[in-house]
Amino acid sequence: MTTEPGAPTLDQLSVFLAVVEAGSFAGAARRMNRANSVVSYAIANLEAQLGLTLFDRDAAKTPVLTEAGRVVLAQARVIAGDVASLRAQAKGLIQGLEAEVNLVLDVMLPTARVVDALRAFREAFPTVTLRLYVEGLGAVTQMVLDRQATVGVAGPLDVVNGGDALETIAVGSTLLIPVAAPDHPLARSRNPPGAARGHTQLVLTDRSRLTEGRDFAVGSVHTWRLADLGAKHLLLKEGFGWGNMPEPMVREDIAAGRLTRLDMPDLSDAVYALHAIYRSDTPPGPATAFLIERFRGQAN
């Protein structure tokens, strides 16, 4: 007849871990400020609950883990870590810390800035779940307005057009420059005004209803419209047209000769302003405010 193991207590597991870390029952007793007999009793009860011998007490002067003890040790450490995480989250909630932050970023935001903010956030708020979304143009604002995102970093205000329901904070900008593959006709020389109009332009489209039907920085009557900036980047390098791209994203391509910065007097470089946005009726908590300040600091 098989006997089911009992349920060990968190205290028994804590004592077990203390014995392993201290290397002896006496060391665990000192660390936990308990009597030796209390520690021995807790370990004996744990072994009885599990139906396993965790220490080989006869092998040496100090207790040595058995094979079963090593297996239990791995699980006990996982449980102890989960309990510590739970306590940290509970403490944060008591202090007003968000349990979760939903962040939506404009696809034009340079990757280096995104990585910097995410690393800093992870170090500062390890207990807060972060959900990250990347969208273009008005779709960033749409997610914040619809409460799908807590905070966003969106493009120029004339693009996002969010209205009075949003609070906005300037967080710098990125430079958009016209580029094409080196063998594209526009890349071969200095172009006269209007030269771009006769060549296919790759244009990023808006998947939201905020700016539906509006064009931004379109200088050609022939366009291919894409919802993904990565796809646009790829097609530009393959010579399928010309288009405006964030300068940090194409910097290495220009240096390596995979793309050429176009010289077009009627289509100058554009500064793409960026703003942190959140709903006026949902002020940021500590974790959200940290992200906003991080993005602001990057712009200085």
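Just above sits the structure.
Notes on the structure in this doc start here. (Residues numbered from 1 in each chain as written. Predicted model: local features only at pLDDT ≥ 70, side-chain atom pairs only at ≥ 80, totals over all residues. Heavy atoms only, no water.)

The secondary structure content of the chain amounts to 10 helices and 11 strands. Taken over 300 residues, the chain has a buried fraction of 40%. Excluding contacts between residues fewer than 6 apart, the proportion of contacts in the chain whose partners are at least 24 apart in sequence is 71%. A total accessible area of about 16,100 Å² is found for the chain, and carbon and sulfur atoms account for 52% of it. (Helix = DSSP H or I, 4+ residues; strand = E, 2+ residues; numbered from the N terminus. Buried < 20%, exposed > 50% of the residue type's maximum accessible area, 1.4 Å probe, protein only. Contact = heavy atoms within 4.5 Å. Areas by Shrake-Rupley, 256 points an atom, 1.4 Å probe, with all protein chains shown as cover.)

In this structure the tally under the stated criterion is 8 salt bridges. For Glu100, the salt bridge identified is with Arg131, shortest N-O distance 3.0 Å. Linking Glu100 in strand S3 (residues 100–106) with Arg131 in strand S4 (residues 129–135), this pair joins segments that are 31 residues apart in sequence. For Glu100, a relative accessible area of 35% puts it in the partly exposed group. Assessed through its relative accessible area of 40%, Arg131 is described here as partly exposed. (Salt bridge = Lys/Arg side-chain N within 4 Å of Asp/Glu carboxyl O.)

Here we come to the environment of Tyr278. Checked against the element boundaries, Tyr278 lands in strand S11 (residues 270–279). Residues Tyr278 and Glu167, spaced 111 residues apart in sequence, show a C-alpha to C-alpha distance of 5.5 Å. Ignoring anything within four residues of it in the chain, the contact list for Tyr278 reads Val144, Thr150, Ala165, Leu166, Glu167, Ile169, Pro283, Pro284 and Ile292.

Considering the arrangement of structural elements, one finds Leu267 in the loop between strand S10 (260–261) and S11. Sequence separation between Leu267 and Asn244 is 23 residues; the distance between their C-alpha atoms is 9.8 Å.

Moving on, we come to the pairing of strand S6 (residues 166–180). Relative to S11, S6 is paired through 9 bridges, and the arrangement is antiparallel. Along S11, the bridge assignment pairs Ser173 with Ala273. Two elements, S6 and strand S9 (residues 242–246), share 5 bridges in a ladder whose sense is antiparallel. By the bridge assignment for S9, Val179 is matched with Gly243. Across 2 bridges, the pairing between S6 and S10 is antiparallel. Paired with Ala180 across the strands is Thr260, a residue of S10. (Pairing = 2+ DSSP bridges.)

At a closest axis distance of 10 Å, the pairing of helix H5 (residues 111–124) and helix H10 (residues 286–298) adopts a crossing angle of 145°. The chirality of how H5 crosses H10 is right-handed. For the pair H5 and H10, contact is made by Arg113, Asp116, Ala117, Ala120, Phe121 and Ala124 and by Ala287, Phe290, Leu291, Arg294, Phe295 and Gln298, respectively. Class assignment for the residues of the contact of H5 with H10 results in 8 nonpolar, 1 polar and 3 charged. (Axes fitted to C-alpha atoms, helices over the stretch in contact; angles between N-to-C directions. Left-handed = near helix turned anticlockwise from the far one by under 90°. Nonpolar A, V, L, I, M, F, W, Y, C, P; charged D, E, K, R; others polar.)

What the rule picks out here adds up to 5 aromatic pairs. Taken together, the ring pairs connect Phe16, Phe25 and Phe55 into an aromatic cluster. (Phe/Tyr/Trp six-rings, centres within 6.5 Å; stacked < 30°, edge-to-face > 60°.)

A positive phi angle, close to 55°, is found at Asn33, a residue other than glycine. Backbone geometry at Arg147 places phi at a positive 65°, although glycine is not the residue there. Within the element layout of this structure, Arg147 appears in the loop between helix H6 (138–145) and strand S5 (151–154). Judged by relative accessible area, Arg147 falls into the partly exposed class, the value being 49%.

So, on to H5. With 14 residues, H5 ought to run about 20 Å at 1.5 Å a step, and its terminal C-alpha atoms sit 20 Å apart, in line with that. All of the buried residues along H5 are Arg113, Val114, Ala117, Ala120 and Phe121. For H5, the angular spread of buried residues about the axis comes to 140°, placing them on one side. Residues of H5 that are exposed and point over 90 degrees away from its buried face: Thr111, Ala112, Arg119, Arg122 and Glu123. (Expected span 1.5 Å × (residues − 1). Arc of directions from axis to C-beta.)

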